[in-house]
Amino acid sequence: MSRPVIATLDLTALRNNLDVVRRAAPHSRVWSVVKANAYGHGLDRVWSALSATDGFAMLNLEEAILLRERGWKGPILMLEGFFHADELALFDKYRLTTSLHSNWQVKALANAKLSSPLDVYLKINSGMNRLGFTPDRVHSIWQKLREIRNVGQLTLMAHFADAELPEGIAEPMKHIEQAAEGIDAPRSLSNSAATLWHPEAHFDWVRPGIILYGASPSGLWQDVATSGIRPVMTLGSQIIGIQNLKAGDTVGYGSRYRASGEQRIGIVAGGYADGYPRIAPDGTPVMVDGVMSRVVGKVSMDMITVDLTPCPQAGIGSPVELWGQNVKIDDVASAAGTVGYELMCALAPRVPVVVSQ
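Fair warning: this is a prediction, and the values are worked out from it, not measured in the lab.

Quick look at the UniProt feature "active site" (unreviewed entry) in the protein now. In the UniProt entry, the feature "active site" (unreviewed entry) is given for Lys35 and Tyr253. Taken together, the annotated residues stretch across 219 residues and extend over separate regions, lying up to 35.5 Å apart by C-alpha. Within the annotated group, the residues that form the lining of the largest pocket are Lys35. By the secondary structure assignment, Lys35 is in helix 2 (residues 35–39). Accessibility expressed as a relative area gives 32% for Lys35, which makes it partly exposed. Excluding anything up to four places from it in sequence, Lys35 contacts Ala57, Met58, Leu59, Glu63 and Leu79. For Tyr253, the location among the structural elements is in the loop between strand 11 (250–251) and strand 12 (257–258).

Taken as a whole, this structure holds nine aromatic pairs when the rule is applied. Their ring planes at 20° and their centres at 4.3 Å tell us that Trp31 and Trp205 sit as a pair that is stacked. One end of the pair, Trp31, is in strand 2 (residues 29–33); the other, Trp205, is in strand 9 (residues 205–206), and 174 residues separate them in sequence. Like Trp205, Trp31 is buried. With a centroid separation of 6.4 Å and an interplanar angle of 75°, the aromatic rings of Trp47 and Phe56 are classed as edge-to-face. Grouping residues by exposure puts Trp47 and Phe56 together as buried. Clustering of aromatic rings is evident, with ring pairs tying together Trp31, Tyr121 and Trp205.

Glancing now at the environment of His198. Tracing the sequence through the fold places His198 in the loop between helix 9 (192–197) and strand 9. Along the backbone, His198 and Ala25 are 173 residues apart, and their C-alpha atoms lie at a distance of 9.6 Å.

On to the domain arrangement of the protein. Domain boundaries in the protein define domain 1 (12–215) and domain 2 (233–355). Every contact between the two is made by eight residues of domain 1 and, on the other side, nine residues of domain 2. Carbon and sulfur atoms make up 73% of the surface buried where domain 1 meets domain 2, a total of about 810 Å² over both sides. Summed over the shared surface of domain 1 and domain 2, the number is zero salt bridges. Scanning the region where domain 1 abuts domain 2 turns up zero residue pairs in polar contact (both at pLDDT 80 or more).

Attention shifts here to the UniProt feature "binding site: substrate" (unreviewed entry) in the protein. UniProt tags Arg130 and Met301 as "binding site: substrate" (unreviewed entry). With a sequence span of 172 residues, these residues are also far apart in the fold, their greatest C-alpha distance being 34.5 Å. Put simply, the named residues that line the largest pocket are Arg130. Considering the arrangement of structural elements, one finds Arg130 in the loop between strand 6 (118–123) and helix 7 (135–146). The class for Arg130 is exposed, based on a relative accessible area of 59%. When you line up the elements, Met301 lands in the loop between strand 15 (291–294) and strand 16 (303–307).

How each quantity is defined
Residues numbered from 1 in each chain as written. Predicted model: local features only at pLDDT ≥ 70, side-chain atom pairs only at ≥ 80, totals over all residues. Heavy atoms only, no water. UniProt positions renumbered as here; feature names shortened; annotations may be inferred. 1 Å grid on protein atoms, 1.4 Å probe; cavity = no way out; pocket = protein on both sides within 12 Å on 5 of 7 lines; lining within 4 Å. Helix = DSSP H or I, 4+ residues; strand = E, 2+ residues; numbered from the N terminus. Buried < 20%, exposed > 50% of the residue type's maximum accessible area, 1.4 Å probe, protein only. Contact = heavy atoms within 4.5 Å. Phe/Tyr/Trp six-rings, centres within 6.5 Å; stacked < 30°, edge-to-face > 60°. Domains from an automatic or database assignment. Buried area = accessible area lost by both parts, 1.4 Å probe. Salt bridge = Lys/Arg side-chain N within 4 Å of Asp/Glu carboxyl O. Polar contact = N/O pair within 3.5 Å; in protein donor to acceptor, adjacent residues only side chain to side chain.

Now the structure itself:
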């Protein structure tokens, strides 16, 4: 581990964030969403810290099998269901709950030879227009599923496109209520934003994702600053070089940054090949030797250049936090015009990961 860039995962923070979810939705059970390799944190590294959850929700069959092989015996929800009919044999073997969002899936489940019925989440299109049945079709699909011997418990499922907004679930809830009219069944509707800010949508199961990992579903850290959630991932490195600039000197590719006077610049081991956003502009926050500073110049594949004016004591080997406990990933993402989700998921395989219990 000679190169100093490293990601540290705080599993105490992960457990804390699950507790925050339980306090926010005390009457609901929790699907902890661990899709995308637990949002880039590494499912195999972190799932045990979430073992107090009621169930895990994900996309990849391989990750569901991994959880079973590691000893998880509780529910596993496949958020997009099965992608090919022949996967149903594995859904049966590993006892996975499947989402159903398409006619072909309903037909495939009806025709499958299973040892016992599978629990099913019937996906309602709440107006987001990705997956799911339109409200006018849900009742007929529901009745059809009730007649299929391979179907166990049925739950209604939907997703919100704008739950981070004060009125963001009002219109989708109208679609959901239309779809659910006359159907007595459990519901799972709430993503992270609805879990925090729309208790009227909690129902039987909530499905938190990003807040488990310590970032804001709105992309703005101030929206969750008082919620009690804590960042799980810290991406850190060190200063590996120093440049002393004079007025007019430029920094990095494209000479985007030009010094207005004498200035010390720190060269940080870390770049877009490690998962740091290449498009991060001048001014993106970074912490150097415990002092908040900023990125200057374009991010390179392997290096980032930062202003050392606020921290004249910094030198070779000084620690740098690119995001984490102090530099919020939401703030870095916002500066780069993206969201914390993307940065977490973009952590490169070449970055060593250390897990703190």
